[in-house]
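Residue-level structural notes
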Amino acid sequence: MTDALTSVETGKDATRPQPRAGVLDIAAYVPGKSKGANGLTLHKLSSNETPLGASEKAKAAFAGTGAHLELYPDGASTALREAIAEVCGLHADRIICGAGSDEILSLLANSYLSPGDEAIYTEHGFLVYDIAIRAAGALPVIAPEKDFTTDVDAILSRVTARTKMVFIANPNNPTGTYLPFEEVRRLHAGLPSNVLLVLDAAYAEYVRRNDYESGMELAATMENVVMTRTFSKIYGLAGLRLGWCFGPAHIIDTMNRIRGPFNVSGPAIAAGVAAIRDKSFVEKAVDHNEVWRPWVTSELEKLGLSVTPSVGNFVLIHFPDVDGKRAVDADAYLLERGCVLRLVGNYGLPNSLRMSVGSEEANKTVLAHFAAFLA
């Protein structure tokens, strides 16, 4: 009777397992839509997927693993780590691979955050940071941005004795903005040496700015910096879930102690090796983005919409505060016509849409629909 009364008083059901405190406070990640109204999808520009697909070499490598699906993959992802090291000029033993950079971020949080610790990310930062922090039992601290861009001083002013980690997406998703590397260095210099700086460079391959660096040098020379990367964007391997992290040997060793023993599949390893070595494919993808991102931006601005300057393969579009012409209205209008973009209200941007740079046909079709919607 006492147990029954206690469960009623606390609002918990003692007849079934209960999740750890704080887990149910986590908002589940909601991916971009895949289908338009009535299941119609002509152009999916909601998830920052490359319009070029994967390289033919990566596809062939993936297909070549089909004859031996009964075998476990190499648990250390040795061939992939060595290929990454070869292409990027890194030490393979300071690289860890995972099922997308999402798993890498969770491994970092679970390795270095404890209940009661704090971890900082920015106002419009990638929502997986919040999930990873809370799942580790730590407390997320959100630093405001300035003009949709990471503000170093805002982050540093929120560092306390409980701060153990700082997450920076550079470039940032969904804003598309970036932090010049001198500012990244200033941020690192202002952090205590026991705080881990995580530089999430998922869109690094797309950036063509002289003052940008992905974070490799800091991660190579400092004891409290790591850089994470993904094969989901420019390499077109989102369906295989493949990411990696480069950092100090002691951090990689720690993460390896808690990751799953076969966390990357054999087909993903094979495709990743071929993809990262196919430099001509990457150059083609960058060239496509350098043509169409400015075009999409310019055409949207001609329609009177505000677009945050982006260095990624997507743009953040802001709508006027006018009934019938807000982001949710534009999204519904486009969905009816089979064009799928991304509402970003869950990122604190209730009147904005994120649009991935698509194929020529997709870009022109969506812009034509925008023009009709706003007319």
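Definitions and cut-offs
Residues numbered from 1 in each chain as written. Predicted model: local features only at pLDDT ≥ 70, side-chain atom pairs only at ≥ 80, totals over all residues. Heavy atoms only, no water. UniProt positions renumbered as here; feature names shortened; annotations may be inferred. Helix = DSSP H or I, 4+ residues; strand = E, 2+ residues; numbered from the N terminus. Buried < 20%, exposed > 50% of the residue type's maximum accessible area, 1.4 Å probe, protein only. Contact = heavy atoms within 4.5 Å. Phe/Tyr/Trp six-rings, centres within 6.5 Å; stacked < 30°, edge-to-face > 60°. Lys NZ or Arg CZ within 6 Å of the ring centre and 35° of its normal. Pairing = 2+ DSSP bridges. Axes fitted to C-alpha atoms, helices over the stretch in contact; angles between N-to-C directions. Right-handed = clockwise from strand over helix to strand, strands pointing away.

What follows deals with the UniProt feature "modified residue: N6-(pyridoxal phosphate)lysine" (unreviewed entry) in the protein chain. Feature annotation in UniProt assigns "modified residue: N6-(pyridoxal phosphate)lysine" (unreviewed entry) to the following positions: Lys233. Its place among the elements puts Lys233 in the loop between strand S7 (225-230) and strand S8 (243-246). Here Lys233 falls in the buried class, since its relative accessible area comes to 15%. Apart from residues lying up to four places away in sequence, Lys233 is in contact with Ser47, Asn48, Thr50, Ala202, Tyr203 and Tyr206.

Think of a pair of aromatic rings as described by two things: how far the centres are apart, and how the planes are tilted against each other in angle. Scanning the entire structure with this criterion turns up ten aromatic pairs. Consider the rings of Tyr178 and Tyr212, whose centres lie 6.1 Å apart with planes at 80°: the pair is edge-to-face. Of this pair, Tyr178 sits in the loop between strand S5 (163-169) and helix H7 (181-190) while Tyr212 is found in the loop between strand S6 (196-200) and helix H8 (216-221), placing the two residues 34 residues apart along the sequence. An aromatic cluster is defined as three or more aromatic residues linked by ring pairs; in this entry it consists of Tyr121, Phe126, Tyr129 and Phe167. It is Arg337 that lies over the ring of Tyr333; its NZ or CZ is 3.5 Å from the centre.

This brings us to the sheet that holds strand S4 (residues 139-143). Pairing is mixed across the open sheet formed by seven strands, whose spatial order is S2-S8-S7-S6-S5-S3-S4. The sheet is open, and its two borders are formed by strand S2 (95-98) and S4, each paired with just one other strand. The average undirected angle you get between the axes of adjacent strands in this sheet is 20°. Where strand S3 (residues 118-122) and S5 come together, three bridges link them in parallel fashion. Following the sheet pairing, Glu118 is matched in S5 by Thr163.

As a further point, take the pairing of S4. Where S3 lies against S4, five bridges are found, and the strand directions are parallel. Of the residues in S4, the one forming a bridge with Glu118 is Leu139. In this view, the connection linking S3 to its parallel neighbour S4 by way of helix H5 (residues 127-135) has right-handed handedness.

What follows concerns the pairing of S5. S5 sits mainly inside the fold: six of its seven residues count as buried. Bridge count for S5 against S6 is five bridges, and the pairing is parallel. Paired with Phe167 across the bridge in S6 is Val198. Read as a crossover between parallel neighbours, the route from S5 over H7 to S6 is right-handed.

Another point: the sheet that holds strand S13 (residues 349-356). Spatial ordering of the open sheet is given by S9-S10-S13-S12, a layout of four strands whose pairing is antiparallel. The sheet is open, and its two edges are formed by strand S9 (306-308) and strand S12 (342-344), each paired on a single side. Sheet twist, expressed as the mean angle between neighbouring strand axes with direction ignored, is 35°. Taken together, the three bridges between S9 and strand S10 (residues 314-318) define a ladder with antiparallel strand orientation. The residue of S10 that forms the bridge with Ser306 is His318. Those strands touched by helix H11 (residues 279-302) are S9, S10 and S13, and its axis lies near 10° from that of S10. Packing of helix H12 (residues 327-336) onto the sheet brings it into contact with S12 and S13, and relative to S13 it is tilted by some 40°.

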